[in-house]
Amino acid sequence: MPKAYVFTRYGGPETEALVERDRPSPGPGQVLVAVRAAGVNPVDWKQRSGYRRPGEADRELPVVFGNEVAGVVLETGADVTGFAVGDEVFGSPVAGGYAEYTLLPVAVTAHKPAGVSFPDAATLPVAAATAYDGLRQLALPAGATVLVTGAGGGVGVAALQIARAFGLRAVGVAAEGKKDLIESLGAAHVASGPDLAARVRAAAPDGVDAVFDLVGGEVLEAAATLLTDHTKLITGADRATVARLGGAPVERARTAAVLDEVARLVVEGRLRPFVTLAVPLDRAGEALRTIEEGHTRGKIVIEVSA
């Protein structure tokens, strides 16, 4: 029987299990994919803890972890065009991606370029696409400066690189131990911690034109003091605080067109996914613990055997 990594109820790591489940069948507008890699993101453990996106319905337990995958099409559902059996694809699954098989809706599925590995492609639908959507939302002119908090994680690493591809200057807030990583991406590094605003002003004496927050809470509040125009304040981490401050959450496009764009940046060498840890499906819990502890550099993926 095919395997999947699930949470059986809402709570902590004790709710997680590797289980067997029937191979799903694609419905209209869906493709069945043999998963080769699945990206791991903070939202995965947050969903296990009970988090739901605005407007999201209750999920039927057990729930398969994961929101981004890359793999090979095994079967196509009704009304599917543009995809065929054997195609290498990546996208956002209908119901979880930490599994040997999953379903992808073609509306948020793209063809994987031949030069992009499965692990790298599996990092694009959530992390890279969120970074791309956020920077498009900010709509900054070339030469502007964007501050990225939480810059050492998956979304942050992508945001720094995509900002550079858009002709922007970037300042990345991350732990001191990630300074080399941030600077290797062409961004100025600012250490996280108390008195953040003062350190940013020292690193960017001409000021910052926008804030792309990926941490929330006190970090978001401190970063907001650097802006006079809070329409240029966005977050991927704290909707309540950003609303109070007059900013906005990242508006996700969730389209195949965005996936094509971020894949193109990878092919062109302007976006490197920075996969720093890959584990097999039976060690998915280890990957989640690493993300949950908040000390990751770049992206973590789960590799699934063919």
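So, here's what we can say about the structure.

What counts, and where the lines are drawn
Residues numbered from 1 in each chain as written. Predicted model: local features only at pLDDT ≥ 70, side-chain atom pairs only at ≥ 80, totals over all residues. Heavy atoms only, no water. Helix = DSSP H or I, 4+ residues; strand = E, 2+ residues; numbered from the N terminus. Rg over C-alpha atoms; globule rule 2.2 N^0.38 Å. Buried < 20%, exposed > 50% of the residue type's maximum accessible area, 1.4 Å probe, protein only. Contact = heavy atoms within 4.5 Å. Axes fitted to C-alpha atoms, helices over the stretch in contact; angles between N-to-C directions. Parallel < 35°, antiparallel > 145°, perpendicular 65-115°, else oblique. Nonpolar A, V, L, I, M, F, W, Y, C, P; charged D, E, K, R; others polar. Left-handed = near helix turned anticlockwise from the far one by under 90°. Pairing = 2+ DSSP bridges. Expected span 1.5 Å × (residues − 1). Polar contact = N/O pair within 3.5 Å; in protein donor to acceptor, adjacent residues only side chain to side chain. Phe/Tyr/Trp six-rings, centres within 6.5 Å; stacked < 30°, edge-to-face > 60°. Lys NZ or Arg CZ within 6 Å of the ring centre and 35° of its normal. Core = buried A, V, L, I, M, F, W, Y, C linked by side-chain atoms within 4.5 Å.

### Topic: the overall build of the chain
Part 1: Broken down by element type, the chain carries 10 helices and 16 strands.
Part 2: Its C-alpha atoms give the chain a radius of gyration of 19 Å, within 12% of the compact-globule value 19 Å for 306 residues.
Part 3: The principal-axis extent of the C-alpha atoms belonging to the chain is close to 60 × 40 × 35 Å.
Part 4: Here the chain holds 306 residues, and the buried ones make up 52% of them.
Part 5: Sequence-distant contacts, at least 24 apart, represent 65% of the contacts inside the chain between residues at least 6 apart.

### Things to note about the packing of helix α3 (residues 124–138) against helix α9 (residues 256–267)
Part 1: At a closest axis distance of 9 Å, the pairing of α3 and α9 adopts a crossing angle of 95°. As the angle between them shows, α3 and α9 are arranged roughly perpendicular. Here α3 contributes L124, P125, A128, A129, Y132 and D133 to the contact with α9, which in turn contributes V258, L259, E261, V262, A263, L265 and V266.
Part 2: Grouping the constituent residues of the contact of α3 with α9 by class yields 11 nonpolar, no polar and 2 charged.

### So, the packing of α3 against helix α4 (residues 154–165)
Part 1: Orientation of α3 relative to α4, taken along the N-to-C sense of each, is 50°, at an axis distance of 8 Å. Put simply, α3 runs oblique to α4. At the point where α3 passes α4, the crossing takes the right-handed sense. Contacts between α3 and α4 pair A127, A128, T130, A131, Y132 and L135 from the former with G154, V155, A158, A159, I162 and A163 from the latter.

### What to know about the sheet that holds strand β9 (residues 145–149)
Part 1: What the 6 strands build is an open sheet, ordered β11-β10-β9-β12-β13-β14; its pairing is parallel. At either end of the open sheet lies a strand with only one pairing partner, and these are β11 (188–191) and β14 (248–249).
Part 2: Across 3 bridges, the pairing between strand β12 (residues 210–213) and strand β13 (residues 233–235) is parallel. Within β13, the position partnered with F212 by the bridge is I234.
Part 3: Across the face of the sheet, α3 comes into contact with β9, β12, β13 and β14 while running at roughly 155° to β12.

### A few points about α4
Residues spaced three or four apart along an α-helix face the same direction, because each turn holds 3.6 residues.
Part 1: Spanning 12 residues, α4 covers 17 Å between terminal C-alpha atoms, matching the ideal 16 Å at 1.5 Å per step.
Part 2: Within α4, 10 of the 12 residues are buried, leaving the element largely enclosed by the surrounding structure.
Part 3: For α4, the set of buried residues is G154, V155, G156, V157, A158, A159, L160, Q161, I162 and A163.
Part 4: Backbone geometry just after α4 places G167 at a positive phi near 80°.

### As for the environment of E100
Part 1: As for its position among the elements, E100 is in the loop between β6 (88–91) and β7 (101–105).
Part 2: Excluding its chain neighbours within four sequence positions, the residues that come into contact with E100 are M1, P2, K3, V33, A34, V35, L281 and V304.
Part 3: For E100, the side chain forms a polar contact with the main-chain nitrogen of K3, separated by 2.9 Å.

### Here we look at the packing of aromatic side chains
For any pair of aromatic rings, the description rests on two quantities: the centre-to-centre distance and the angle between the ring planes.
Part 1: Taken as a whole, this structure holds 5 aromatic pairs when the rule is applied.
Part 2: With a centroid separation of 5.6 Å and an interplanar angle of 50°, the aromatic rings of F7 and Y10 are classed as tilted.
Part 3: Taking the relative accessible area as the measure of exposure, F7 reaches 1% and is therefore buried.
Part 4: A ring pair is formed by F65 and Y98, whose centres lie 5.6 Å apart and whose planes are at 25°; its orientation type is stacked. Of this pair, F65 sits in the loop between β4 (63–64) and β5 (69–76) while Y98 sits in the loop between β6 and β7, placing them 33 residues apart in sequence. Of the two residues, F65 and Y98, neither departs from the other in class, the shared state being buried.
Part 5: One cation-aromatic arrangement involves R23 over Y101; the distance from NZ or CZ to the ring centre is 5.3 Å.

### Observations concerning the sheet that holds β4
Strand pairing in a sheet takes place through backbone hydrogen bonds and is either antiparallel or parallel in direction.
Part 1: Spatially, β2-β1-β4 is the arrangement adopted by the 3 strands of the open sheet, whose pairing is antiparallel. Strand pairing shows two members of the sheet lacking a second neighbour, β2 (16–20) and β4, which therefore form its edges.

### Here's the deal with the nonpolar core
Part 1: Within the largest apolar cluster, 49 residues are counted, with the highest numbers of intra-cluster contacts made by V146, F212 and L271.
Part 2: Considering every element that reaches this core, the biggest residue donor is α3, with 8 residues.
Part 3: Ignoring anything within four residues of it in the chain, the contact list for F212 reads T130, A131, G134, L135, L138, V146, L147, V148, T149, A159, I234 and V250.
Part 4: If you look at the next biggest cluster of nonpolar residues, it comprises 26 residues, including V40, V69, A287 and I291.

### A closer look at the environment of L214
Part 1: Note that L214 resides in the loop between β12 and α7 (217–224).
Part 2: Each C-alpha atom of the pair L214 and V157 lies 11 Å from the other, and the pair is 57 residues apart in sequence.
Part 3: Apart from the residues lying within four places of it in its own chain, the contact partners of L214 are V148, T149, G150, V155, G156, G236 and A237.

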